[in-house]
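What follows is the residue order along each chain.
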Amino acid sequence: MKTISAIMKTVNWLITVFFASISLLWFADMIDLGMVASFARDLNENTMTYRALLAIGAFYLILFNLLYLLGRWFTRHYASSVQVTTTGGSFSIAISAIENSLRRAVKKLPEIHDAHIRVYKDRKNEVKPIQIYTTFSVWEGVNVTEVTEKIRTAITIRFSEIIEVKEPPIFSIILSNIVERERKSESKKRDKEYIESQIFHGPEYPID
């Protein structure tokens, strides 16, 4: 998203500067727009390839700008930070920082293979509870119900340590995968012990 945003801003800036320069030169009576229009008309009539390329470029430019604006409109529905007020003053905590901290708290559980957490806070409605979406994967053989409760507890404790909210957050917890434990480490350990047992330690003489 950041790359697309940078590209769109650069292209829009170039186009804006180009047309602003043309307008400035025309206002200063330094160029004749009739000449420019005649050149564009001749280019369209004689070279269909350029016309098609310009049409495709204009179409994609409009499409990308619309998609970018729609994406920004939907993402702006949620806040990017949370305001925290203390006795000493107020400060803001980035939503991404809260997500990373909650993810680390969940990954400390021995049953968890991996976890991803998203925190959503409404920008306009301060009273509306914060929503916490958690997707996680566990190791094969664990009790999923117990792990889900452990995740909820771990998130609740860590979340309360970071910020205090009037309404408790709304949880959405999804089990995405059950992963089989890798047994390579155990087999490698046995192979290493076997190799070490076969190493020649020098001659052994019978003791009478």
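The structure reproduced in this document is the subject of the present report. Each chain carries its own residue numbering, running from 1 in the written order of its sequence. With pLDDT at 70 or above as the cut-off, local features in this predicted model cover only qualifying residues; side-chain atom pairs require 80 or more to be listed or tallied, and sums for whole chains, interfaces and linings still use all residues. Just so you know, side-chain values use all the structure's heavy atoms and leave hydrogens and water out.

1. What to know about the pairing of strand β5 (residues 170-179)
Move 1: Between any two strands, pairing holds if DSSP finds at least two bridges. Helix and strand assignments come from DSSP, with helices taken as H or I runs of at least 4 residues and strands as E runs of at least 2, each series counted from the N terminus. Two strands pair when backbone bridges link them, and strand β4 (residues 131-139) and β5 are joined in this way by nine bridges, in the parallel orientation. What sits directly across from Gln 131, in β5, is Ile 170.
Move 2: In this view, the connection linking β4 to its parallel neighbour β5 by way of helix α5 (residues 144-162) has right-handed handedness. A crossover counts as right-handed when, viewed with the strands pointing away from the observer, the path leading from the first strand over the helix to the second turns clockwise.

2. A closer look at the packing of helix α4 (residues 95-107) against α5
Move 1: Axes here refer to lines fitted to C-alpha atoms; in helices the fit is confined to the stretch in contact. Angles between the N-to-C directions go from 0 to 180 degrees. It is at 9 Å that the axes of α4 and α5 come closest, and there the two elements cross at 140 degrees. One way to sum up the angle between α4 and α5 is to call them oblique. Like other packed secondary-structure pairs, α4 and α5 cross with a definite hand, here right-handed. Touching Ile 98, Ser 101, Leu 102, Ala 105 and Val 106 of α4 are Ile 151, Ala 154, Ile 155, Arg 158, Phe 159 and Ile 162, all from α5.
Move 2: The classification used treats Ala, Val, Leu, Ile, Met, Phe, Trp, Tyr, Cys and Pro as nonpolar, Asp, Glu, Lys and Arg as charged, and all other residues, Gly among them, as polar. A class-by-class count of the residues in the contact of α4 with α5 yields nine nonpolar, one polar and one charged. Convention used here: angles under 35 degrees read as roughly parallel, angles over 145 as roughly antiparallel, angles from 65 to 115 as roughly perpendicular, and any remaining angle as oblique. Definitions for this section: a left-handed crossing has its near helix turned counterclockwise from the far helix by less than a right angle. A right-handed crossing has that turn clockwise. In this analysis, two residues are considered to be in contact whenever any of their non-hydrogen atoms come within 4.5 Å of each other.

3. Here's the deal with the sheet that holds β4
Move 1: Here we have three strands laid out as an open sheet, ordered β3-β4-β5, and mixed in their pairing. Two strands close off the open sheet at either side, each with one partner strand: β3 (112-120) and β5. If you compare each strand with its neighbour and ignore which way they point, the axes differ by 15 degrees on average.
Move 2: Sheet topology places β3 next to β4; eight bridges connect them, and they run antiparallel. Bridged to His 116 within β4 is Thr 135.
Move 3: Along the sheet, α4 makes contact with β3 and β4, crossing β3 at roughly 155 degrees.
Move 4: Here α5 sits on the sheet and contacts β3, β4 and β5; the angle it forms with β4, its principal contact strand, is near 135 degrees.

4. Here's the deal with the side chain of Glu 111
Move 1: Relative to the helices and strands, Glu 111 is located in the loop between α4 and β3.
Move 2: Given the relative accessible area of 14%, Glu 111 is considered buried.
Move 3: N or O atoms closer than or at 3.5 Å make up a polar contact, with two conditions inside protein: a donor-capable atom paired with an acceptor-capable one, and, for residues adjacent in sequence, both atoms drawn from side chains. Within polar-contact distance, the side chain of Glu 111 engages the side chain of Lys 150 at 2.6 Å.
Move 4: Leaving out residues up to four positions away in the same chain, Glu 111 has contacts with Ser 137, Val 138, Trp 139, Val 142, Val 147 and Lys 150. Burial here depends on accessible area, computed with a 1.4 Å probe over protein chains only, as a share of the maximum for the residue type. Under 20% is buried, over 50% is exposed, and the range in between is partly exposed.

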